[in-house]
Amino acid sequence: MVKKILGFLVLALVLVISACSSDSDSGKKPEKGGENADGAVEIFSWWTGAGEEDGLLALIDLFNELHPDIEVKNAAVAGGAGTNAKAVLATRMQGNDPPSTFQVHGGEELNKSWVAADKMAPLNDLYKENDWMDKFPEALIDLVSNEGNIYSVPVNIHRGNVMFYNMEVFEKHGIEVPTTLDEFFTVAEKLKDAGVTPLALGDKETWEATQIFENLLAAELGTADYIKLFSGEIEFTDSRVVSAAEKFGKILDYVNDDHASRNWQDSAQLVAEGEAAMLNMGDWAKGYFVNDLKLVTNEDFGYFAFPGTDGDFAVITDTFGLPKGVENVEATKQFLTVLGSVEGQDAFNPLKGSIPARIDADPSKYDDYGKDTIEDFKTANLFPSLAHGSAASEGFVTKANQAVNIFVTQRDVDNFIDALQNAAPDM
Ligand code: BGC
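These numbers come from a predicted model, not from an experiment. (Residues numbered from 1 in each chain as written. Predicted model: local features only at pLDDT ≥ 70, side-chain atom pairs only at ≥ 80, totals over all residues. Heavy atoms only, no water.)

Participant: What should I look at first to understand the pattern of salt bridges in this one?
Facilitator: Here the idea is simple: oppositely charged side chains can pair when their charged atoms come close. Applying the stated criterion across every chain, the model contains 21 salt bridges. E42 is the salt-bridge partner of R92, the closest N and O atoms lying 2.9 Å from each other. Residue R92 is found in helix α3 (residues 85-94), and its partner E42 is found in strand β1 (residues 41-44); the two are separated by 50 residues along the sequence. On the accessibility criterion, R92 (16% relative accessible area) is buried. (Salt bridge = Lys/Arg side-chain N within 4 Å of Asp/Glu carboxyl O. Helix = DSSP H or I, 4+ residues; strand = E, 2+ residues; numbered from the N terminus. Buried < 20%, exposed > 50% of the residue type's maximum accessible area, 1.4 Å probe, protein only.)

As structure tokens, then:
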């Protein structure tokens, strides 16, 4: 893990055959047609319904257009952040019934859950055939690699430390964007006094609250020490982690009472409707606001970095690999080729709310939020998301989610820190 995480500090066939070789540096175009229609490509993800599936459907449409002879099966299982999908996937993988390809976060989720269990086929040849080695940021390739082999293809980069806000509510109550946690608490108090819920939360699935906590960790520790926390060089008993936990408790005083019965979309709706002022959510919420709720970026809602993390970027990357034992290997590689192409990424990401993982995608296809985020990614201090599987193993994430869930109801800082420290060996 240390090696993978260090990548952040450093930063910054397929048989798409001969016909592709003439394509320009903007990325090889996936070849039209394909004679390897050896069974349906089953694409497993958790992108269903509101705010989630538009990008996937656009990608599948593009694939169908390029490969009309290869059948695609969309095997998505509902539940934000893979709450249900990951359990279904685990059962299938254990039963040697893998989907052709599946959504998996780059980093420890890929490496500790599937690569370490020898369930994934290396994709080094696919990267070479498509000239991908210099088309993805080195830090991302590092996140999907292990001991010299590359195991998946990143389709996007989501940012997790974004605060979205209702612009009308801010204006009506004379609120300025808070950049520090102190400013956030001042603003939150003012909103609460005015009868507005300061921060929308929907932690029915817990990860939504864990995501707030990870951003507090980055704010209190800074990204370099956040990274050291998850590589085991800093203990969870560190005073700055304790301070993050205390502030977490204080933030929970400003969320909607019914947070435990809402999911992320339900909490985003509170901000869209002006019942709540702010929402900390990964930028899939932008896709939801724009595509599903028809809100306009920088008119209806604005965005800023989670207070205390300006200049930092919580990285979440959705990637797809090739499980061992899949029958239709070549057809699946064709799908991965489209997913990793400029065309594939530019079909998917403007709808998903994320930015392309490729560095040579076309920024003009993205709205102001996307353009800003593409620029921010180039210079920001990157840190891997805990809630979304990059910073630590699934085993640790599950325990951290349990600890967060208990903390949200009991607010016992000592118990919370103990639970995290006890889970640390699982990282
Ligand atoms: C995924 C995103 C998804 C979000 C909510 C995250 O873990 O990386 O693609 O939109 O969960 O389901």
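Participant: Can you help me understand the side chain of E220 in this one?
Facilitator: Mapping E220 onto the fold places it in helix α9 (residues 207-221). Within the structure, the side chain of E220 is placed 3.3 Å from the side chain of K247, a separation counted as a polar contact. Sequence-distant contacts of E220, defined by excluding residues within four places in its chain, comprise L181, R240, S243, A244 and K247. (Polar contact = N/O pair within 3.5 Å; in protein donor to acceptor, adjacent residues only side chain to side chain. Contact = heavy atoms within 4.5 Å.)

Participant: Where do I start with the site of the ligand in this structure?
Facilitator: Near the ligand lie 14 residues; those nearest to it are E52, A81, D318, K352 and H388. W47 places a polar side-chain atom, nitrogen or oxygen, 3.0 Å from an oxygen atom of the ligand. A distance of 2.8 Å separates an oxygen atom of the ligand from a polar backbone atom of A81. Expressed as a share of its isolated accessible area of 310 Å², the protein-covered part of the ligand is 100%. For the ligand, the cavity whose grid points lie within 2 Å of the majority of its atoms is the largest cavity. Here the residues of the shell around the ligand sort into six nonpolar, five polar and three charged. (Near = heavy atom within 4 Å. Areas by Shrake-Rupley, 256 points an atom, 1.4 Å probe, with all protein chains shown as cover. 1 Å grid on protein atoms, 1.4 Å probe; cavity = no way out; pocket = protein on both sides within 12 Å on 5 of 7 lines; lining within 4 Å. Sits in = over half its atoms within 2 Å of the grid points. Nonpolar A, V, L, I, M, F, W, Y, C, P; charged D, E, K, R; others polar.)

Participant: Mind showing me how you'd approach the pairing of strand β12 (residues 312-316) here?
Facilitator: Successive residues of a regular strand alternate their side chains across the two faces of the sheet. Burial analysis of β12 places five of its five residues in the buried class, the great majority of the element. Because side chains alternate across β12, one face comprises the buried residues D312, A314 and I316, and the other comprises F313 and V315, equally buried. In terms of strand pairing, strand β7 (residues 156-159) meets β12 through two bridges, oriented antiparallel. Within the sheet, the bridge partner assigned to R159 lies in β12 and is V315. Here β12 pairs with strand β15 (residues 381-384) via four bridges, running parallel. If you follow F313 over to β15, its bridge partner there is L382. (Pairing = 2+ DSSP bridges.)

The analysis is restricted to geometry; functional conclusions fall outside its scope.
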